[in-house]
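Listed below, chain by chain, are the residues.
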Amino acid sequence: MSSQICRSAARAVRSLLTASRSSNAVLAEGRAVTTAAAAAVALRGRAPFIASFYERAECGNASRGWISGALALPVAVYMLQEQEAHAAEMERTFIAIKPDGVQRGLIAEIVSRFERKGFKLVGIKVVVPSKDFAQKHYHDLKDRPFFSGLCDFLSSGPVVAMVWEGEGVIKYGRKLIGATDPQKSEPGTIRGDLAVVVGRNIIHGSDGPETAKDEIKLWFKPEELVSYISNAEKWIYGVN
Ligand code: IDP
Ligand code: MG
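Everything quoted here is computed from the prediction, not taken from an experiment.

**What about the packing of helix 6 (residues 107–117) against helix 9 (residues 169–177)?**
Where helix 6 meets helix 9, the axes come as close as 11 Å, and the angle between the chain directions of the two elements is 135 degrees. Taken together, the axis directions place helix 6 and helix 9 in an arrangement best described as oblique. Remark: the crossing between helix 6 and helix 9 carries right-handed chirality. Contacts between helix 6 and helix 9 involve Arg113, Phe114 and Lys117 from the first element and Tyr172, Gly173, Leu176 and Ile177 from the second. Its residues assigned to classes, the contact of helix 6 with helix 9 comprises 4 nonpolar, 1 polar and 2 charged.

**Quick look at helix 11 (residues 209–219)**
Counting along an α-helix, one turn takes 3.6 residues, and residues three or four places apart therefore face a common direction. Every buried residue belonging to helix 11 is among Ala212, Glu215, Ile216 and Trp219, and all of these are buried. Viewed along the axis of helix 11, the buried residues span an arc of 100 degrees, placing them on a single side of the element. The outward face of helix 11, more than 90 degrees from its buried face, is lined by the exposed residues Glu210, Lys213 and Lys217.

**Notes on the side chain of Ser206**
Along the polypeptide, Ser206 turns up in the loop between strand 4 (203–205) and helix 11. Of the residues examined, Ser206 reaches a relative accessible area of 1% and is grouped as buried. Of the polar contacts made by the side chain of Ser206, one reaches the side chain of Glu215; its length is 2.6 Å. Once residues lying within four places of it in the same chain are set aside, the contact partners of Ser206 are Thr93, Phe94, Ile170, Arg174, Thr211, Ala212 and Glu215.

**Quick word on the packing of aromatic side chains**
Counted under the stated rule, the structure contains 4 aromatic pairs. When the centroid spacing of 6.5 Å and the interplanar angle of 65 degrees are considered together, the rings of Phe94 and Phe220 count as edge-to-face. Separated by 126 residues along the polypeptide, Phe94 in strand 1 (residues 92–97) and Phe220 in the loop between helix 11 and helix 12 (233–236) bring together distant segments of the chain. The class of Phe94 is buried, set by a relative accessible area of 0%. Phe220 sits in the buried class, given a relative accessible area of 5%. Between Lys120 and the ring centre of Tyr228, over which it is positioned, the NZ or CZ distance is 4.8 Å.

Rules and cut-offs
- Residues numbered from 1 in each chain as written.
- Chains lettered and ligands numbered in written order.
- Predicted model: local features only at pLDDT ≥ 70, side-chain atom pairs only at ≥ 80, totals over all residues.
- Heavy atoms only, no water.
- Axes fitted to C-alpha atoms, helices over the stretch in contact; angles between N-to-C directions.
- Helix = DSSP H or I, 4+ residues; strand = E, 2+ residues; numbered from the N terminus.
- Parallel < 35°, antiparallel > 145°, perpendicular 65-115°, else oblique.
- Left-handed = near helix turned anticlockwise from the far one by under 90°.
- Contact = heavy atoms within 4.5 Å.
- Nonpolar A, V, L, I, M, F, W, Y, C, P; charged D, E, K, R; others polar.
- Buried < 20%, exposed > 50% of the residue type's maximum accessible area, 1.4 Å probe, protein only.
- Arc of directions from axis to C-beta.
- Polar contact = N/O pair within 3.5 Å; in protein donor to acceptor, adjacent residues only side chain to side chain.
- Phe/Tyr/Trp six-rings, centres within 6.5 Å; stacked < 30°, edge-to-face > 60°.
- Lys NZ or Arg CZ within 6 Å of the ring centre and 35° of its normal.

Below you can see the structure in the form of structure tokens.
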């Protein structure tokens, strides 16, 4: 079941609820029937039982407004649960533009590569991390000879910290970024196109689901992240 259909049905259901609450009975009935039809289309295949009720509600005569209203709540609950479940499933990754990328004026360039791909920005801020914070972020590299220098560098200036959301965003985000060493990054990747040496490779990206979760938690408070449906999503996701 495509998330697109889920979302459009949820939107239809929201309209339905709004319409059924309306004090203007005539308008409410007309709108409820229209949105009932939309919900039926969206539900067909996913919840045929409920959808068939909606279709009957759409075709019926005197009772149609009543049926639409009566079914609004269970369907709304069903669809909103589906939507919540999808939102919970949607992958998120932590991406940071390091001080070299910020100082070189590459923020817009980097943001646009993720945005143009179809990923969704759900959190962004500019911070100067302390060395202690940088050490926490790079804790898995603490035994490497470059660890101290790397943490000095990360805490040397503003970093643009971001959370991006989308299907496959963790793995594909790493593809957009390119190999750690820009000399080995393919042209077309961020590091391949915009950086030259490993010590100044301009961007960080989580390397797996666990790291993504830990890094998002380290850099962002939950209330700094926004859940929303982008208008472009119905054109980015879909199954034919
Ligand atoms: P990644 O950023 O591609 O995930 P990691 O191996 O996790 O690469 O290393 C984290 C960061 O440490 C790199 O992005 C780079 O800035 C730095 N780094 C990695 N290897 C070296 C090295 O050999 N010399 C200096 N810095 C390095
Ligand atoms: Mg890494």
